[in-house]
Amino acid sequence: MDEQYDQKVPLRKQIANDFKLYNSNVNWFVFVLVVVFSWGGWIEIFGIWAELPLIVNSLPEGWRLPSILTGFTQIGQLGSLIYLLLNQITPKHFSLKRIIFLKLLTTTGATFVLSFVWKKTFFIFGEDRSVGLLSLVLVFALCDGISTISTIPFISKFFKKEYIIPYYIGEALFALIPSVIAIIQGAGDDLGCESVQATVAKSENFSNIVFVTNETVLKPVALNPIFSVQTYFLIIFGFLLMSLVAFAILNSSLVKKEKNKEPNHKLDNLCINEFENPLLHKPKNTKLKTQHKNEKIFLLSLNFLITFFFYGILPGVQSYSTLPYGNNVFHLSINLSKFI
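Described in the following lines is the structure provided in the data block. (Residues numbered from 1 in each chain as written. Predicted model: local features only at pLDDT ≥ 70, side-chain atom pairs only at ≥ 80, totals over all residues. Heavy atoms only, no water.)

Description of the overall build of the protein chain
The condition is simple: The numbering of helices and of strands both runs from the N terminus, where a helix is a DSSP run of H or I of at least 4 residues and a strand a run of E of at least 2. Each residue's exposure class comes from its accessible area (1.4 Å probe, protein chains only) as a fraction of the maximum for that residue type: buried when under 20%, exposed when over 50%, partly exposed otherwise. Note on contacts: a residue pair is in contact if any heavy atoms of the two residues lie within 4.5 Å. Per-residue and other accessible areas were derived by the Shrake-Rupley procedure at a 1.4 Å probe size, with only the shown protein chains allowed to occlude residues.
Per the secondary structure count, the protein chain includes 13 helices and four strands. Each of the 340 residues in the protein chain was classed as buried or not, and the buried ones make up 36%. Put simply, of all contacts in the protein chain between residues at least 6 apart along the chain, 76% involve residues at least 24 apart. Total accessible area computed for the protein chain in this model is approximately 20,400 Å², and 65% of it derives from carbon and sulfur atoms.

Here's what the structure looks like:
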């Protein structure tokens, strides 16, 4: 074979060629809209977790709050099962556009309410409980569970497959944005020092004479965050509002030319799309079919284990494992982990 065919294409050139091909198939305005729309998926739930270092010491649940939030979030995942059931019974009333718009509208409004009632408590079953925060967390979890199984079918039905990339970028941002805002805000509560003038009484050894002097001493003071918890939730509300506006624009005539020419109407009743993934294609060969089945079982099992520990166990014990070292350690462990 000729030497020119033996040589591999340089990585830089291959990336440049791939980008040119991708650039010719996408509209960057729509790309940005899909990113903004996608970060509205779970941003309010991740926003609450990022703000826990400031919330946990202000509510009656204390260090138990993360484990309680984990339980409420998992209960809320029943929303996706309810959606699937109702979608099978009455599919005409559960179009993707209608469900996603209702989800965004609900979470946007609920986040605005949360900024004012997050500290609201009621005396229930013998103790004060954070009804304002916990009830809205349940609403968020119900809505976000539905969002997880409806957004990808929406993108695949109305847009080219190239727009799955900005969707995943937006999914990464809904965890990153709250953490960045929380890091800028600061943890607060830990003690700092300030120099103050104080009157100090001193006496000499073996003498009853007392000298009163003015000296500069260090006084412990509580450090306050740059802005309040209420302001933080209002900022998250602003990002959700942008997501809602982006979704409205995506469904307007401004991006009509970007929609799929032949939308797959069957996707209204599906929760996944193949996107030309070879693992989701059914092979004809029996040996390949068995291998294909084993790969799916392995990947699904691995995904279950990772999700079980990362979202089901670790968040609930994080306050007990990090708060003994101070509020700043708790704050940084929660928010810096989103950068990994």
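So much for the structure itself; the text now carries on.
Let's talk about the environment of Phe-309
Assignment of secondary structure puts Phe-309 in helix H12 (residues 286-322). Excluding residues that lie within four positions of it along the chain, Phe-309 makes contacts with Leu-314 and Pro-315.

Here's the deal with unusual backbone geometry
We note that Phe-125 has phi near 55 degrees; this positive angle belongs to a residue other than glycine. Locating Phe-125 in the fold gives a position in the loop between strand E1 (122-124) and strand E2 (127-129). On the basis of relative accessibility, which here comes to 76%, the residue Phe-125 falls in the exposed class.

Describing the pattern of salt bridges
For the record, the criterion: Between Lys or Arg on one side and Asp or Glu on the other, a salt bridge is scored when a side-chain nitrogen of the former is within 4 Å of a carboxyl oxygen of the latter.
If you walk through the whole model with that rule in mind, you get three salt bridges. Among the salt bridges present, the one from Asp-144 reaches Lys-103, with a minimum N-O distance of 3.3 Å. Note that Asp-144 is positioned in helix H9 (residues 131-158) and Lys-103 in helix H8 (residues 96-117), a separation of 41 residues in sequence. In this structure, Asp-144 and Lys-103 share a single accessibility class: buried. Counted as one network, the salt bridges with shared partners bring together Arg-64, Glu-127 and Arg-129.

Details of the nonpolar core
We count it as follows: Only buried Ala, Val, Leu, Ile, Met, Phe, Trp, Tyr and Cys residues count toward a nonpolar core, and they belong to the same one when joined by side-chain atoms within 4.5 Å.
If you look at the biggest cluster of nonpolar residues, it comprises 67 residues, and the most contacted ones within it are Phe-37, Leu-65, Leu-69, Leu-133 and Phe-154. For this core, the leading source of residues is H9, giving eleven residues. Excluding its chain neighbours within four sequence positions, the residues that come into contact with Leu-65 are Leu-52, Ile-55, Val-56, Leu-59, Leu-133 and Leu-134.

A short note on helix H13 (residues 327-336)
Quick reminder of the rule: For this quantity, the arc is that covered by the directions from the helix axis to the C-beta atoms.
Listing the buried residues of H13 in full gives Asn-327, Phe-330, His-331, Ile-334 and Asn-335. Taken around the axis of H13, the buried residues stretch over an arc of 110 degrees, which confines them to a single face.

Describing the packing of aromatic side chains
In this description, an aromatic ring pair is defined by two values, namely the gap between the centres and the angle between the planes. For the record, the criterion: Pairs were defined over the aromatic rings of Phe, Tyr and Trp, the Trp ring being its six-membered one, requiring ring centres within 6.5 Å. Orientation was assigned from the angle between planes: stacked under 30 degrees, edge-to-face over 60, tilted for the rest. Criterion for a charge above a ring: Arg CZ or Lys NZ at most 6 Å from the ring centre, at most 35 degrees from the ring normal.
What the rule picks out here adds up to 16 aromatic pairs. Between Trp-39 and Phe-239 the ring centres are 5.4 Å apart and the planes differ by 70 degrees, which places this aromatic pair in the edge-to-face class. On the criterion of sequence distance, the pair formed by Trp-39 in the loop between helix H3 (28-38) and helix H4 (43-50) and Phe-239 in helix H11 (residues 229-250) is long-range, its members being 200 residues apart. For the pair Trp-39 and Phe-239, one class covers both residues: buried. Following the ring pairs from residue to residue traces out a cluster consisting of Phe-37, Phe-154, Phe-158, Phe-159, Tyr-163 and Phe-247. The aromatic ring of Phe-158 is capped on one face by Lys-97, whose charged end is 4.5 Å from the ring centroid.

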